[in-house]
Amino acid sequence: MKGHRFRPETEAVRGGDHLEKRNAALAQPIYQTSTFQVTDSDEQLRATSTDMFYTRYGNPTHTAVERALAELEGTDAALLFASGMCAITTTVLAVVKTGDHIVAQRDVYGGVTKFLSAWLVQRGIETTFVDTTEYDQHARAIRPNTRLLYLESPTNPTLRVVDLAKTVAIARDHDLITLIDSTFATPINQRPAEFGVDIVVHSGTKYLAGHTDLICGAACGRRDLIDRIRETRTTLGGVMDPHAAFLLRRGMKTLALRVARQNQTALQIAEHLAHHRKVRAVNYPFLEAHPQRALALKQMTGGGGVLSFEIDGTGEDARRLSESLHLFSLAPSLGGVESLVSIPVLTSHAMISPEHRQKMGVSEQLIRLSVGIENADDLLADLDQALAVVTRSQQQVAVG
Ligand SMILES: Cc1ncc(COP(=O)(O)O)c(C=O)c1O
């Protein structure tokens, strides 16, 4: 873990900046170039280890954003990728090899479940999935060839909270690398490096970029690990376009403001839904009834902008509700300024088996909300009218 120069709100805006007085552009210039020219062969040799050689190896626009991200996460270094999945797959491939074993919590993003349980297995790397908050299972699953403990907190879409100090202690006892997907939390609400987590990954597509207009990913961590991951990134080639990196940096400047509003509104909506008679259960880390609320309060400064809830009804009712909302657009993402609704069995978790989904608690009645920065009362009114539509249609079926 690296110390912080400033508080999170300041680092979101100024992180990575050289603050000395100088004559220069204030916004990050975009190096929209695939390659960099040099004066002679000696310079060519020197350039290979810089960010002005060839953009798949690096680019000054990337460097500026990577510095900002590392500062915000409190890590030695960071790397950008073409997507969140690219950040995750490249990072995992950089730290494990054929014959190695991974322990992963059961609740992880559906694309990651598929990567670990199908794709890696075909290449001789096995994963044991363990109940997310049953830590003795984590320890029991570790084998002599285990290299990596894969975590996600809070989890998508059930919002379980993983005890970071406990899992890091288990990993250290067995000399494992810890990797966490911290997309839902953002570096504003949670800084896993402070708990000793080695690598923090993000789908930057979500909160970091924040405006639903680009796909990107990031890995932040210890210098030696980031160097290994960089080499793998250069080989596999999943770098970000420099213009997209510029957009990411611009989005990050308002991260703290957006997340503060999203924390506040999501809690308000979670509390409202928890008292609604058509709602069976609400998942939100800072909700009074959340089983890990005390842990969430200890390791997070806000509950985040995502919540999920189970409607008292059928899968058909959940679909009707999601289609009846107007301010929550029906779309499979999260973390942007616009509120979104999705049904995980149709979107983020469609690609994993019904049995695995059942173990995760992802039912057909589960609805996920990503709360944007709109007015909270407008969002609550939209939810109430959609719940009323479902109630009316259930009553019609009962009468019919
Ligand atoms: C928690 C989490 N991790 C990773 C990803 C993958 O990110 P991307 O879509 O940017 O590849 C997602 C996408 O929804 C996600 O929700």
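Some details on the overall build of the chain
On a plain count of helices and strands, the chain comes out with 15 helices and 12 strands. What you see for the chain is a C-alpha radius of gyration of 22 Å, in line with the 21 Å of a compact globule of 400 residues. Based on the C-alpha atoms only, the size of the chain along its principal axes is roughly 85 × 55 × 35 Å. Split into buried and exposed, the 400 residues of the chain put 50% on the buried side.

Quick notes on the domain arrangement of the chain
Frequently, the measure chosen for interface size is the accessible area that the parts lose on association. Structurally, the chain comprises domain 1 (8–100 + 135–148 + 163–252) and domain 2 (255–399). The gap between the C-alpha centroids of domain 1 and domain 2 is 30 Å. Taken together, the 20 residues of domain 1 in the interface contact 18 residues of domain 2. Those elements giving two or more residues to the side of domain 1 that touches domain 2 turn out to be α1 (8–14) and α8 (186–189). For the side of domain 1 that touches domain 2, a count of residues per class yields 10 nonpolar, seven polar and three charged.

Comments concerning the packing of helix α4 (residues 84–95) against helix α9 (residues 223–236)
Two elements in contact, α4 and α9, have axes whose closest approach is 9 Å; the angle formed by their N-to-C orientations is 115 degrees. As for the relative orientation of α4 and α9, their crossing is right-handed in sense. Residue-level contacts link T90, T91, L93, A94 and V95 of α4 to R228, I229, T232, R233 and L236 of α9. Taken together, the residues that form the contact of α4 with α9 break down as five nonpolar, three polar and two charged.

Thoughts on the nonpolar core
Ranked by size, the top nonpolar core spans 109 residues in total, and within it L148, A218, A219, L248, I269, L307 and I367 carry the most contacts. Considering every element that reaches this core, the biggest residue donor is helix α11 (residues 255–274), with eight residues. Summarising the domain contributions, this core has at least three residues from each of domain 1 (8–100 + 135–148 + 163–252) and domain 2 (255–399). Residues in contact with L148, not counting those within four places in the same chain, are V92, V95, V96, I102, L176, I177 and L179.

As for the sheet that holds strand β9 (residues 306–311)
The strand order across the open sheet formed by five strands is β8-β9-β12-β11-β10, and the pairing between neighbours is mixed. The sheet terminates laterally at β8 (279–283) and β10 (329–330), the two strands that pair on one side only. Bridge count for β9 against strand β12 (residues 366–370) is five bridges, and the pairing is antiparallel. Opposite F309, over in β12, you have I367 as the bridge partner.

Quick look at the pairing of β12
In terms of burial, β12 is a largely internal element, five of the five residues being buried. Neither face of β12 is open: one carries L366, R368 and S370, the other I367 and L369, and all of them are buried. Where strand β11 (residues 340–342) meets β12, three bridges bridge the pair, whose relative direction is antiparallel. By the bridge assignment for β12, V341 is matched with L369.

Cut-off values and rules
Residues numbered from 1 in each chain as written. Predicted model: local features only at pLDDT ≥ 70, side-chain atom pairs only at ≥ 80, totals over all residues. Helix = DSSP H or I, 4+ residues; strand = E, 2+ residues; numbered from the N terminus. Rg over C-alpha atoms; globule rule 2.2 N^0.38 Å. Buried ≥ 20, exposed ≤ 12 C-beta atoms within 10 Å, placed from the backbone. Domains from an automatic or database assignment. Contact = placed C-beta atoms within 7 Å. Nonpolar A, V, L, I, M, F, W, Y, C, P; charged D, E, K, R; others polar. Axes fitted to C-alpha atoms, helices over the stretch in contact; angles between N-to-C directions. Left-handed = near helix turned anticlockwise from the far one by under 90°. Core = buried A, V, L, I, M, F, W, Y, C linked by C-beta atoms within 7 Å. Pairing = 2+ DSSP bridges.

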